[in-house]
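Fold and contact review
Here's the letter readout for the chains.
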Amino acid sequence: MFWRTKITGVFLVLCMTIAAQAQSFKKTISFYGGEKNDLYLLLKEQGYAIKRYNSPEAAIRSAPAGSGVLITAAHYPEMDAKNRVSEMLLGLAASRKLRLYVEYPSAYPGLELPVKPLETHLERGVVTTDLFGTRLPRMALLGIHNCHVLPVEATDPLLVLAKVVGVDKAELGLDSTKTYPLLFRKNDVLIGTTALSNFKTGRYGPVQPVKTVLSYILAQLTGNTAVTINNWPEDVRPMYGRNAPLPQDALRTSVQKGVEWFSNGRFYVHPSWKADWMKYGGVDGLKPVGPPVAQNKPNGDGSLGIIEGHTSTIYYDGSQQYRYWMRADVQGEASMALAAAGDLLNNTAYKTKATNIIDFLFKTSNLRAGPKNDPGSPAYGLIGWATTNAGTFYGDDNSRAILGALGAAAYLKTDQWDKELAEAIMANFRTTGRQGFRGERLEEADIIKNGWPYYYNRDLEHPSPHFESWMWALYLWLYDKTHYTPLLERTKEALAITMKDYPDKWKWGSSLQTQRARLILPLAWLVRVEDTPEHRRWLDEMIREMLKYQDESGAIREELGKGKGMFRELKSNNDYGSDEGSLISQNGQKISCMLYTNNFAVFSLHEAALATGNAEYMKAVKKLSDFLTRIQVQSNKHKDLDGAWFRAFDYGKWEYWASNSDAGWGAWCTLTGWIQSWIVTTQAEILRQQSFWDVTKNSGMRTTGNNIIDYMMKKP
């Protein structure tokens with residue numbers, strides 16, 4: 001019996017050895033491409049026996065019979081003259097039963113390949129097969145940023161590139177849109193017409209669809225249908241996972257990283273590259289975009305202002321375009337964040353930059369120049385929208401510029417800009433109509449032509465909290481300091497009309513949640529100045545309506561309003577990217593917005609919580625603040641992104657993903673003002689357990705404000 005047992009044991013060991021060798025063989029891959037190729041590095045990390053060769057021919061000739069050969073784009077997006085596959089090589093590969101994936105070839109039998117690839121931006125990968133299984137069904141989407149594609153003809157592709165409407169799937173199918181094959185089979189070879197292997201560098205997403213496609217490619221190369229990829233590499237990722245415990249100092253770190261991002265991005269204009277700002281900033285503000293400011297360029301000190309941030313365009317190398325616009329609202333908001341962080345962290349440099357930026361806003365730029373600085377002009381006191389559009393006035397943008405500078409002045413403990421701030425508030429108020437509305441925008445030439453009483457005495461209803469409500473908050477703030485009754489009365493009437501019109505008559509834009517988030521601030525400050533049951537009811541109704549959509553993670557979900565919004569409806573695939581718009585394509589998608597909703601909601605909710613002492617509001621603020629702390633960007637590779645917040649976050653997937661249809665400020669944009677400044681400031685206030693109202697309550701505006709009111713409200 002002993003010899004039988006011994007033989008059986010030997011047999012089992014032999015079988016196990018053969019199985020191990022077979023499994024090891026399945027992980028043997030011959031590779032052509034760069035040594036820093038993302039897929040090459042991933043496979044090495046995953047334990048594959050992968051060997052590099054200096055040409056596709058060398059890889060094919062040297063590969064063990066029956067093994068996989070991976071041919072990638074060595075110089076993507078440049079065409080690689082060495083990446084040529086001939087009939088002879090295909091025949092050799094077939095004779096030795098090699099499994100081939102060929103990517104971005106410069107020559108391939110039966111394919112008419114261009115001299116140069118086609119460069120795209122809005123297009124995304126679309127699944128056109130069932131081969132990926134239920135995890136990646138037909139019409140599922142992949143973000144292949146700044147895709148350079150070889151426009152070839154192919155039958156039955158597995159993936160195509162196309163401009164389509166949708167978040168996770170092409171909701172309108174592929175009708176009426178140009179498609180380009182991305183992944184297909186030819187001669188029993190898997191062919192990619194772009195660098196799918198560039199997934200980490202190019203920041204492709206979402207993670208699961210990209211991982212599924214790469215797993216499929218690896219399964220075809222190795223014959224192993226149970227491919228798993230662990231430890232997914234990312235150059236840009238959230239600071240913390242959904243359920244990771246937050247360190248005790250996480251909130252303080254969030255503020256510090258958030259304000260340091262201004263320097264990381266080189267957003268302060270410096271004299272040595274002022275010409276670049278002027279070049280890329282444009283003359284009309286229509287497309288003020290350009291390449292990133294190089295990390296070896298110096299930062300300014302704020303005296304030449306601060307530019308806007310990143311656009312949503314991600315390039316093949318993972319970098320992003322900059323928006324070189326010099327906007328007034330951004331100046332005020334950034335100065336507030338700098339002053340708040342400077343006060344919290346006892347950082348004099350931040351305070352100095354805040355002071356310089358406000359001086360730029362009011363004194364050295366054209367934002368308060370010309371008629372806006374002439375006491376005899378009807379436009380006196382108004383703040384221009386941007387240096388390229390100094391004669392255009394949005395009440396919303398003026399309100400955030402003013403609120404920002406007010407907050408900065410309070411943190412800096414100075415009254416040196418009280419005159420300009422009071423003038424700005426009253427310049428907006430005297431162009432506000434009888435019912436308390438100003439409308440979307442006004443133009444300097446029209447104001448000078450018509451005179452300010454024309455606007456002050458007109459009848460207008462414009463129930464759009466995004467455009468109107470934060471100016472109402474300023475009117476209430478100034479009323480609290482001066483007791484000038486019209487400021488309160490017109491604001492109360494506007495709020496009453498807006499609450500009555502909710503929600504069906506609201507002019508919602510990219511999201512109905514945006515409108516709710518913006519209205520909470522004046523409602524909270526109305527309770528501050530006139531605490532009545534009705535005003536508390538209004539505030540509670542709006543907060544509860546918004547918090548219906550707060551996820552357990554703290555994120556507030558986007559919601560489309562009923563009927564047509566302000567922007568173009570995406571009725572066809574060609575409409576994608578043609579106008580400003582939402583991050584979602586239909587309600588229920590687990591996506592939150594840091595440009596229009598969560599950024600303003602955290603500030604407004606915090607003000608409401610401290611104005612009322614409501615425990616439920618405070619709980620909601622804590623959840624939202626923790627969420628924002630978790631999703632702040634961390635990146636060792638892209639220092640200009642480290643510490644930022646992107647506009648979009650998919651809290652279901654826990655990654656930066658959404659529809660990128662917005663033509664101006666898409667899913668991956670950043671903003672030194674709107675996004676960054678309100679989050680940083682509120683995080684600092686939460687840490688200090690203080691409200692903006694209390695921070696600014698000791699303003700010396702009573703005397704200055706009343707003097708300005710007496711002068712500016714005299715009929716001409």
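Presented here is a report on the structure given in the accompanying data block. (Residues numbered from 1 in each chain as written. Predicted model: local features only at pLDDT ≥ 70, side-chain atom pairs only at ≥ 80, totals over all residues. Heavy atoms only, no water.)

Before going further, it helps to spend a moment on the overall build of the protein. In terms of helices and strands, the protein carries 22 helices and 20 strands. A compact globule built from 716 residues would reach a C-alpha radius of gyration of about 27 Å, and the protein, at 29 Å, matches this within 12%. Taken along the three principal axes of its C-alpha coordinates, the protein extends 105 × 65 × 50 Å. Considering only contacts within the protein whose residues lie at least 6 apart along the sequence, 75% involve residues at least 24 apart. Carbon and sulfur atoms provide 50% of the accessible area of the protein, an area that totals close to 27300 Å². Measuring between centres, the 83 positive side-chain charges of the protein sit 5 Å from its 75 negative side-chain charges. (Helix = DSSP H or I, 4+ residues; strand = E, 2+ residues; numbered from the N terminus. Rg over C-alpha atoms; globule rule 2.2 N^0.38 Å. Contact = heavy atoms within 4.5 Å. Areas by Shrake-Rupley, 256 points an atom, 1.4 Å probe, with all protein chains shown as cover. Lys, Arg positive; Asp, Glu negative; His and termini not counted. Charge placed at Lys NZ, Arg CZ, Asp CG, Glu CD.)

On to the packing of helix H9 (residues 348-364) against helix H10 (residues 395-412). With their axes 11 Å apart at the nearest point, H9 and H10 run at an angle of 140 degrees to one another. Between H9 and H10, the angle is such that the two are oblique. Taken as a pair, H9 and H10 cross one another with a handedness that is left-handed. On the side of H9, the interface is formed by Lys351, Ala354, Thr355, Ile358 and Phe362, while H10 contributes Ala405, Ala408 and Leu412. (Axes fitted to C-alpha atoms, helices over the stretch in contact; angles between N-to-C directions. Parallel < 35°, antiparallel > 145°, perpendicular 65-115°, else oblique. Left-handed = near helix turned anticlockwise from the far one by under 90°.)

Among the nonpolar cores identified, the biggest contains 163 residues, and Trp525 and Phe627 are the most heavily contacted of them. Ignoring sequence-local partners within four residues, the contact set of phenylalanine 627 consists of Ser553, Gly554, Ala555, Ser592, Met594, Asn598, Phe649, Tyr651 and Trp654. (Core = buried A, V, L, I, M, F, W, Y, C linked by side-chain atoms within 4.5 Å. Buried < 20%, exposed > 50% of the residue type's maximum accessible area, 1.4 Å probe, protein only.)

Burial along strand E9 (residues 159-162) is two-sided: Leu159 and Leu161 facing one way and Val160 and Ala162 facing the other are all buried. Strand direction decides the pairing type here: strand E6 (residues 124-127) and E9, joined by four bridges, are antiparallel. What sits directly across from valine 126, in E9, is valine 160. (Pairing = 2+ DSSP bridges.)

It is at 8 Å that the axes of helix H18 (residues 598-612) and helix H20 (residues 676-688) come closest, and there the two elements cross at 30 degrees. In terms of orientation, H18 and H20 fall into the roughly parallel class. In this structure, H18 meets H20 at a crossing whose hand is left-handed. Counting all contacts with H18, which are made through Asn599, Phe600, Val602, Phe603, His606 and Glu607, the residues of H20 involved are Trp678, Ile679, Thr682, Glu685 and Ile686. The class makeup of the residues in the contact of H18 with H20 is six nonpolar, three polar and two charged. (Nonpolar A, V, L, I, M, F, W, Y, C, P; charged D, E, K, R; others polar.)

If you walk across this open sheet you meet the three strands as E13-E15-E14, and the pairing is antiparallel. The open sheet has two edge strands with one neighbour each: strand E13 (289-290) and strand E14 (309-314). Note that E13 and strand E15 (residues 320-323) share two bridges and pair antiparallel. Bridging across to E15, glycine 290 finds its partner in tyrosine 322.

The next thing to look at is the pattern of salt bridges. Here the structure, examined in full by the defined rule, presents 38 salt bridges. For glutamate 57, the salt bridge identified is with arginine 61, shortest N-O distance 2.9 Å. One end of the pair, glutamate 57, and the other, arginine 61, are both in helix H3 (residues 56-62), four residues apart, so they sit about a helical turn from each other. Accessibility expressed as a relative area gives 45% for arginine 61, which makes it partly exposed. Residue lysine 500 pairs with aspartate 501 through a salt bridge whose shortest N-O separation is 3.1 Å. Judged by relative accessible area, which is 59%, lysine 500 ranks as exposed. Residue classification places aspartate 501 among the buried positions, given a relative accessible area of 6%. (Salt bridge = Lys/Arg side-chain N within 4 Å of Asp/Glu carboxyl O.)

It is worth spelling out the sheet that holds strand E2 (residues 49-53) at this point. Read across the open sheet, the nine strands follow the order E2-E1-E3-E4-E11-E10-E9-E6-E7; overall the sheet is mixed. At either end of the open sheet lies a strand with only one pairing partner, and these are E2 and strand E7 (141-142). By the bridge criterion, four bridges tie strand E1 (residues 28-32) to strand E3 (residues 68-71) in an arrangement that is parallel. In the strand pairing of E3, isoleucine 29 is matched with glycine 68.

Moving on: the state of the cysteines. Enumeration over the complete set of coordinates arrives at zero disulfides. Free cysteine: cysteine 593, not disulfide-bonded; nearest cysteine sulfur from cysteine 669 at 7.9 Å. Residue class for cysteine 669 comes out buried when judged on its relative accessible area of 0%. (Disulfide = S-S within 2.5 Å.)

Time to look at H18. Relative to the 21 Å expected for 15 residues at 1.5 Å per residue, H18 spans 20 Å between its end C-alpha atoms, a close match to the ideal helical length. Positioned one or two residues after H18, glycine 613 has a phi angle of 75 degrees, which is positive. (Expected span 1.5 Å × (residues − 1).)

Look at the link from glycine 205 to proline 206: it is a cis peptide, with omega at -10 degrees. The topology assignment puts proline 206 in the loop between strand E11 (189-192) and helix H5 (207-222). Of the consecutive residues tyrosine 502 and proline 503, the connecting peptide bond is found in the cis state with omega at -10 degrees. Its identity as a non-glycine residue notwithstanding, asparagine 146 has a phi of 50 degrees, on the positive side. When you line up the elements, asparagine 146 lands in the loop between E7 and strand E8 (148-149). In this structure asparagine 146 comes out as buried when scored by relative accessible area, which is 1%. Of note, aspartate 156 is a non-glycine position whose phi angle comes to about 50 degrees, a positive value.

Further remarks concern the environment of glutamate 57. Glutamate 57 gets classed as partly exposed once you look at its relative accessible area, which sits at 35%. Distance in space between the C-alpha atoms of glutamate 57 and glutamate 308 is 49 Å, their sequence separation being 251 residues. Every residue in contact with glutamate 57, bar those within four places of it in the chain, is listed here: Met88 and Leu89.

On inspection of all chains with the given rule, the structure shows 37 aromatic pairs. Here the aromatic rings of tyrosine 502 and tryptophan 506 are separated by 4.7 Å at their centres, their planes lie at 65 degrees, and the arrangement is edge-to-face. The pair tyrosine 502 / tryptophan 506 is uniform in exposure class, with both members buried. Both rings, one in tryptophan 525 and one in phenylalanine 692, keep their centres 6.0 Å apart while their planes meet at 25 degrees; by these two values the pair is stacked. Taken as a pair, tryptophan 525 in helix H16 (residues 512-529) and phenylalanine 692 in helix H21 (residues 692-695) lie far apart in primary sequence, 167 residues in all. Each member of the pair, tryptophan 525 as well as phenylalanine 692, is classed as buried. The rings of Trp470, Trp525, Tyr596, Phe600, Phe603, Trp674, Trp678, Phe692 and Trp693 are connected pair by pair, giving a single aromatic cluster. The cationic tip of arginine 490 hangs over the ring face of tyrosine 456; the distance from NZ or CZ to the ring centre is 3.6 Å. For arginine 518, the ring lying beneath its charged end belongs to tryptophan 470, and the centroid distance is 4.5 Å. (Phe/Tyr/Trp six-rings, centres within 6.5 Å; stacked < 30°, edge-to-face > 60°. Lys NZ or Arg CZ within 6 Å of the ring centre and 35° of its normal.)

The buried fraction of E14 is high, at five of six residues. With antiparallel pairing between neighbouring strands as the criterion, E14 and E15 make up a hairpin whose turn holds five residues, including glycine 318 at a positive phi of roughly 90 degrees.

Between the first and last C-alpha of helix H8 (residues 328-345) there are 26 Å, a value that for 18 residues agrees with the 26 Å anticipated at 1.5 Å per step. Counting buried residues along H8, 18 of its 18 residues qualify, which places the element largely inside the surrounding structure. Asparagine 346, located one to two residues past H8, shows a positive phi value of around 55 degrees.

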